[in-house]
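Summary of the model geometry
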Amino acid sequence: MDFGTPMLEGSRRLMILGGGELGKEIAIEAQRMGVEVVVVDRYDMAPAMHVAHRRYVVDMLNGEALKAIARREKPDAVVTEIEAVNTGALIELEDEGYRIIPNAKAVKTCMNRIELRLLASEQLKLPTTKYAVANSPDEAKRACSDIGYPCLIKPEMSSSGHGHEVAVNPSDVEFKFNEAIKHARGSSRRVIVEEYVDVDRELTVLTYRYMNEDKEVTAVIPPIEHQRPKGVFHYVESWHPSSVNDNIIKTAEDYAVRIVNKLGGLGIFGVEIIITKDGRVLFSEVAPRPHDTGLVTLVSTDINEFQVHVRSALGLPTPQVKVTTPAAAHVILADDENWAPHYTGINEALTIPGVQVRLFGKPNSYRGRRMGIVLATGSTIREAIEKARKAASLIKVGILS
């Protein structure tokens, strides 16, 4: 494969649908490889737009808009970074010959929690939590009764833990059902009701598919470990390598390879695995793109997850990824709603050896919004985790005083 020069004839071009922090890192890796970058998102000044050659601001559920932009830009590959995207448009573009990463059907399946669970549990027979699909509060009540309280109620489509609700008794269910629907992406009115398990720890198996001598190959990066405070459903911190035993690692990687091979296509998938306190290893979900917990690979591995994704998208190989140092990552969250937020404590955080700070550059904040991340390396996983936690605690998001 030959590469031209960006902005000139013959350049390679990557179109990223979604301009968040993951899209920003994808764009940076593409820029480093001399690839022209086009970013599309629903709002202007999204993080990835800061490092793109061109940007478009459109409703991401507007299929006609997405198709029009792709036909104008004629990218070598289209990468999806967010859940809220018109998958019908991706299927049409793929039929026209555009390369959708990983592929249009995989994106559609992974972004629908119900379709994905049916694929994993019913077709591949992977172990999961007990679950049921509900179309109404009454159906959700019956499902909770069958599964047992407490139970989780999740929208069919959502991201970053939005709309994940816990029902502890029958009187909770209707309210929790409506709260889940309120946070759903798209127009779905269905939810998935799941067994509420006592989680010991969680793993992300970054599993990727790439071209090697005209053949598709599947490989894995050693699992990333992460834990969340009880009752929190969004990403907080992760570390690499994981501390689980080899048998669990082998099982988790087997689940990941099986579902990624079924989904097919090219690129990296973030396969989420739950380890319960009673010893079960359960498949949870798949993201058809780099994973937020995988931000730690910016310092933990010789080739980070974003570069792997770009290489695969362009038909290039990545034969192996090695963990080179114990590392950890911890999010920087906003406490309030502000426009043009400012950050304090950066100087203090960077006095800690082995610490790096990445601010995403989001134009506005709201309570709980992820605004940046702290990365830390250490001689042990524990040392890296403690450094990342301390540094993150020093950084505050606010307004210019």
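Residues numbered from 1 in each chain as written. Predicted model: local features only at pLDDT ≥ 70, side-chain atom pairs only at ≥ 80, totals over all residues. Heavy atoms only, no water.

1. Some details on the overall build of the protein chain
Tallying secondary structure elements over the protein chain gives twelve helices and 22 strands in all. Relative to the 2.2 N^0.38 estimate, which gives 21 Å for 401 residues, the radius of gyration of the protein chain is 21 Å and therefore close to what a compact globule would have. Per-residue burial for the protein chain yields a buried fraction of 58% across its 401 residues. Of the roughly 16,900 Å² of accessible surface on the protein chain, 47% is carried by carbon and sulfur atoms. Positive and negative side-chain charges in the protein chain, numbering 49 and 53 respectively, have mean positions lying 1 Å apart. (Helix = DSSP H or I, 4+ residues; strand = E, 2+ residues; numbered from the N terminus. Rg over C-alpha atoms; globule rule 2.2 N^0.38 Å. Buried < 20%, exposed > 50% of the residue type's maximum accessible area, 1.4 Å probe, protein only. Areas by Shrake-Rupley, 256 points an atom, 1.4 Å probe, with all protein chains shown as cover. Lys, Arg positive; Asp, Glu negative; His and termini not counted. Charge placed at Lys NZ, Arg CZ, Asp CG, Glu CD.)

2. Some points on the packing of helix α2 (residues 63-73) against helix α3 (residues 87-95)
Where α2 meets α3, the axes come as close as 8 Å, and the angle between the chain directions of the two elements is 35°. Once α2 is placed against α3, the crossing between them reads as right-handed. Contacts between α2 and α3 pair G63, L66, K67 and A70 from the former with A89, E92 and L93 from the latter. In terms of residue class, the contact of α2 with α3 is made up of four nonpolar, one polar and two charged. (Axes fitted to C-alpha atoms, helices over the stretch in contact; angles between N-to-C directions. Left-handed = near helix turned anticlockwise from the far one by under 90°. Contact = heavy atoms within 4.5 Å. Nonpolar A, V, L, I, M, F, W, Y, C, P; charged D, E, K, R; others polar.)

3. Quick notes on the packing of aromatic side chains
All chains considered together, the criterion is met by one aromatic pair. Looking at R117, its charged tip hangs above the ring of Y131, at a distance of 5.2 Å from the centre. (Phe/Tyr/Trp six-rings, centres within 6.5 Å; stacked < 30°, edge-to-face > 60°. Lys NZ or Arg CZ within 6 Å of the ring centre and 35° of its normal.)

4. Observations regarding helix α12 (residues 381-394)
Here α12 is 14 residues long and its end C-alpha atoms lie 20 Å apart, about the 20 Å a rise of 1.5 Å per residue gives. Taken together, the buried positions of α12 are I381, A384, I385, K387, A388, A391 and A392. Down the axis of α12, the sector holding all buried residues measures 165°, keeping them to one side. In the core, the buried residues of α12 are packed alongside β13 (237-240), β16 (327-333), α11 (346-349), β19 (355-359) and β21 (370-377). (Expected span 1.5 Å × (residues − 1). Arc of directions from axis to C-beta.)

5. Let's talk about the nonpolar core
Within the largest apolar cluster, 46 residues are counted, with the highest numbers of intra-cluster contacts made by L14, I16, I26, Y208, L295 and I373. With sequence-adjacent residues up to four places away left out, L14 is seen in contact with I26, A30, V35, E36, V37, V38, A77, V79, V310 and A313. Counting residues in hydrophobic clusters, the runner-up holds 25 residues, among them L116, I259, V271 and I273. (Core = buried A, V, L, I, M, F, W, Y, C linked by side-chain atoms within 4.5 Å.)

6. A few points about the pattern of salt bridges
A full pass over the atoms with the stated rule returns 30 salt bridges. The shortest N-O distance in the salt bridge between E237 and R389 comes to 2.7 Å. Taken together, the residues span a long stretch of sequence, with E237 in strand β13 and R389 in helix α12 at a distance of 152 residues. Note on R389: relative accessible area 37%, which makes it partly exposed. (Salt bridge = Lys/Arg side-chain N within 4 Å of Asp/Glu carboxyl O.)

7. Thoughts on the sheet that holds strand β7 (residues 151-155)
Pairing in this open sheet of four strands is antiparallel, and the strands run β6-β9-β7-β8 from one edge to the other. At either margin of the open sheet sits one strand with a lone partner, and together these are β6 (131-134) and β8 (165-167). In this sheet, neighbouring strand axes are inclined to one another by 30° on average, regardless of whether the strands run parallel or antiparallel. Taken together, the three bridges between β7 and β8 define a ladder with antiparallel strand orientation. (Pairing = 2+ DSSP bridges.)

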